[in-house]
Amino acid sequence: MTTNTHAGSGTTLITVAPTGAEADKARHPALPVTIDELVATARECEAAGASIIHVHIRDAEARPTLDLAQLKDTVQAIREASTLIVQLSTGGAVTDSYSDRLAVLDAAPDGCSLTCGTVNFGDDVFMNPWPFIRELYEKTKELHIVPEFELFDLGHVATLHRLLDDLGEPYGGHVHCDLVMGVPGGMAGDAATVVKAVEALPAGASWSATGIGRATLPVILAALSAGGHLRVGMEDTISYARGRPVASNAELVQRAAMFAELAQRPPMRPYQARAFLGVEDYN
Ligand code: KMH
Ligand code: ZN
């Protein structure tokens, strides 16, 4: 593997994805959906060991939205409350338009997610056709936003290579990927698939992994053993253990940090993560 040599491999970058677009607030009251709830979550998760917050927002009825003014307010509020890297989702919900997803970047986050292909997503389809991927990537470069390449399937890795070959390196100069594993319709969330995906990544890339639902723990353990970083949060699982709902995003970050400590790769702090990923300090 060529991906474990980048600086930062002695520590673990932990991303929290606290909300997502799919979980239902009424069924999961611990899901942060208001700006105040997101700010409190950011504070708690930074204290627990996170360096990046992957943000989706919800409207007054807790439905997913990409309202630009609310995105801007959210970025500002999290920055005032924490030193976390603020990464906005450009995936949104499966119902969001490409134009609204492109406009997310106008909220001027530190970073954004950039999914490298279409994938079946449970009963839905998460659409990411090539022209949209290109346009989104070009816009990250224009606006100086550091993309994180979301890979739900092995074919997405091939598209990442194509993107980098065609348009060059990302803003920030470093390629960082997130393997999203165990989505019904995407790649499996197990150790063998982690190894296959990581072997296919571009030379010098760093990567984190997240396992959806019951893939959470196998993927954490496989990622740490293979030199990767971690993403956890209620976007990805609403069960802490079988029959035990997640009480807070912070407890998922605490558990990830504990595993990272046991692996003798303690959590990377946000200022270290900025240097690692090439994210500008907004102060
Ligand atoms: N909600 C999913 C359809 C991202 O944030 O970039 C897409 C998603 C990926 O969550
Ligand atoms: Zn997301």
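Shown above is the structure to which this text applies.
The rules we used
- Residues numbered from 1 in each chain as written.
- Chains lettered and ligands numbered in written order.
- Predicted model: local features only at pLDDT ≥ 70, side-chain atom pairs only at ≥ 80, totals over all residues.
- Heavy atoms only, no water.
- Near = heavy atom within 4 Å.
- Polar contact = N/O pair within 3.5 Å; in protein donor to acceptor, adjacent residues only side chain to side chain.
- Areas by Shrake-Rupley, 256 points an atom, 1.4 Å probe, with all protein chains shown as cover.
- Nonpolar A, V, L, I, M, F, W, Y, C, P; charged D, E, K, R; others polar.
- Axes fitted to C-alpha atoms, helices over the stretch in contact; angles between N-to-C directions.
- Helix = DSSP H or I, 4+ residues; strand = E, 2+ residues; numbered from the N terminus.
- Left-handed = near helix turned anticlockwise from the far one by under 90°.
- Contact = heavy atoms within 4.5 Å.
- Donors = N, O, S within 2.8 Å, 3.2 Å for Na, K, Ca; no water.
- Salt bridge = Lys/Arg side-chain N within 4 Å of Asp/Glu carboxyl O.
- Buried < 20%, exposed > 50% of the residue type's maximum accessible area, 1.4 Å probe, protein only.
- Core = buried A, V, L, I, M, F, W, Y, C linked by side-chain atoms within 4.5 Å.
- Pairing = 2+ DSSP bridges.
- Right-handed = clockwise from strand over helix to strand, strands pointing away.

A few points about the site of ligand 1
1) Next: Near ligand 1 you find 13 residues, and of these Glu22, Ser89, Gly92, Ser113 and Glu235 are the closest.
2) Next: One of the side-chain N or O atoms of serine 89 is found 2.6 Å from an oxygen atom in ligand 1.
3) Next: Here ligand 1 loses 97% of its free accessible area of 300 Å² to cover by the protein chains.
4) Next: Residue composition of the shell around ligand 1, by class: 4 nonpolar, 7 polar and 2 charged.

A short note on the packing of helix α1 (residues 35-48) against helix α2 (residues 68-81)
Each packed pair of helices is defined by two parameters, the angle between the axes and the distance between the axes.
1) Next: At their nearest, the axes of α1 and α2 sit 9 Å apart, and the two run at 35° to each other. Considering only the axes of α1 and α2, their crossing is right-handed. Facing Ile35, Leu38, Val39, Ala42 and Arg43 of α1, the residues of α2 in contact are Gln70, Asp73, Thr74, Ala77, Ile78 and Ala81.
2) Next: When the residues that make up the contact of α1 with α2 are grouped by side-chain class, the tally is 7 nonpolar, 2 polar and 2 charged.

With respect to the packing of helix α7 (residues 216-225) against helix α8 (residues 249-262)
1) Next: Interhelical geometry of α7 versus α8 gives an angle of 35° and a closest axis separation of 10 Å. Crossing geometry of α7 relative to α8 is assigned as right-handed. Along its contact with α7, which presents Thr216, Leu217, Ile220, Leu221 and Leu224, the element α8 presents Arg255, Phe259 and Ala260.
2) Next: Across the contact of α7 with α8, the residue classes tally to 6 nonpolar, 1 polar and 1 charged.

Some details on the coordination of the zinc ion (ligand 2)
Octahedral metals with six donors have ideal donor angles of 90 or 180 degrees. Tetrahedral metals with four donors have an ideal donor angle of 109.5 degrees.
1) Next: Taken together, the protein ligands of the zinc ion (ligand 2) are His54 (NE2), His56 (NE2) and Glu235 (OE), with distances of 2.1 Å.
2) Next: The sequence pattern describing where the donors of the zinc ion (ligand 2) fall on their chain is H-x1-H-x178-E. Taken together, the residues histidine 56 in the loop between β2 (52-55) and β3 (57-58) and glutamate 235 in the loop between β12 (229-232) and β13 (239-241) connect sequence positions 179 residues apart.

A word on the pattern of salt bridges
1) Next: Evaluation of the coordinates by the stated rule reveals 13 salt bridges.
2) Next: Note that arginine 63 and glutamate 61 form a salt bridge whose closest N and O atoms lie 3.1 Å from each other.
3) Next: Using a relative accessible area of 48% as the deciding quantity, one classes arginine 63 as partly exposed.
4) Next: Take glutamate 61: its relative accessible area is 54%, and that puts it in the exposed class.
5) Next: The shortest N-O distance in the salt bridge between glutamate 251 and arginine 244 comes to 2.6 Å.
6) Next: A relative accessible area of 13% means that glutamate 251 is categorised as buried.
7) Next: For arginine 244, a relative accessible area of 33% gives the class partly exposed.
8) Next: Residues participating in the shared-partner salt-bridge network are Glu150, Asp178, Arg231, Glu235 and Asp236.

Remarks on the side chain of arginine 255
1) Next: Its place among the elements puts arginine 255 in helix α8.
2) Next: Not counting the four nearest positions on each side in its chain, arginine 255 is found in contact with Thr216, Leu217 and Tyr240.

Let's talk about the nonpolar core
1) Next: Counting 71 residues, the largest nonpolar core has Phe149, Leu151, Cys177, Leu179 and Trp207 as the members making the most contacts within it.
2) Next: Of the residues forming this core, the biggest block, 7 residues, is contributed by α8.
3) Next: Contacts of cysteine 177, omitting those with residues within four sequence positions, involve Glu148, Phe149, Leu151, Leu160, Leu201, Ala205, Ser206, Trp207 and Ser208.
4) Next: Within the second largest apolar cluster, 10 residues are counted, among which are Leu13, Tyr171, Ala273 and Phe276.

What about the pairing of strand β11 (residues 206-211)?
Regular strands place their side chains on alternate faces of the sheet.
1) Next: Extensive coverage of β11 is indicated by the burial of 6 of its 6 residues.
2) Next: Because side chains alternate across β11, one face comprises the buried residues Ser206, Ser208 and Thr210, and the other comprises Trp207, Ala209 and Gly211, equally buried.
3) Next: In this sheet, β11 lies alongside strand β10 (residues 176-181) in parallel orientation, the contact comprising 6 bridges. In the sheet register, valine 180 faces β11, and the bridge partner there is threonine 210.
4) Next: Handedness of the crossover joining β10 and β11 through helix α6 (residues 191-200): right-handed.
5) Next: A crossover connection joins β11 to the parallel β12 through α7; in handedness this β-α-β unit is right-handed.

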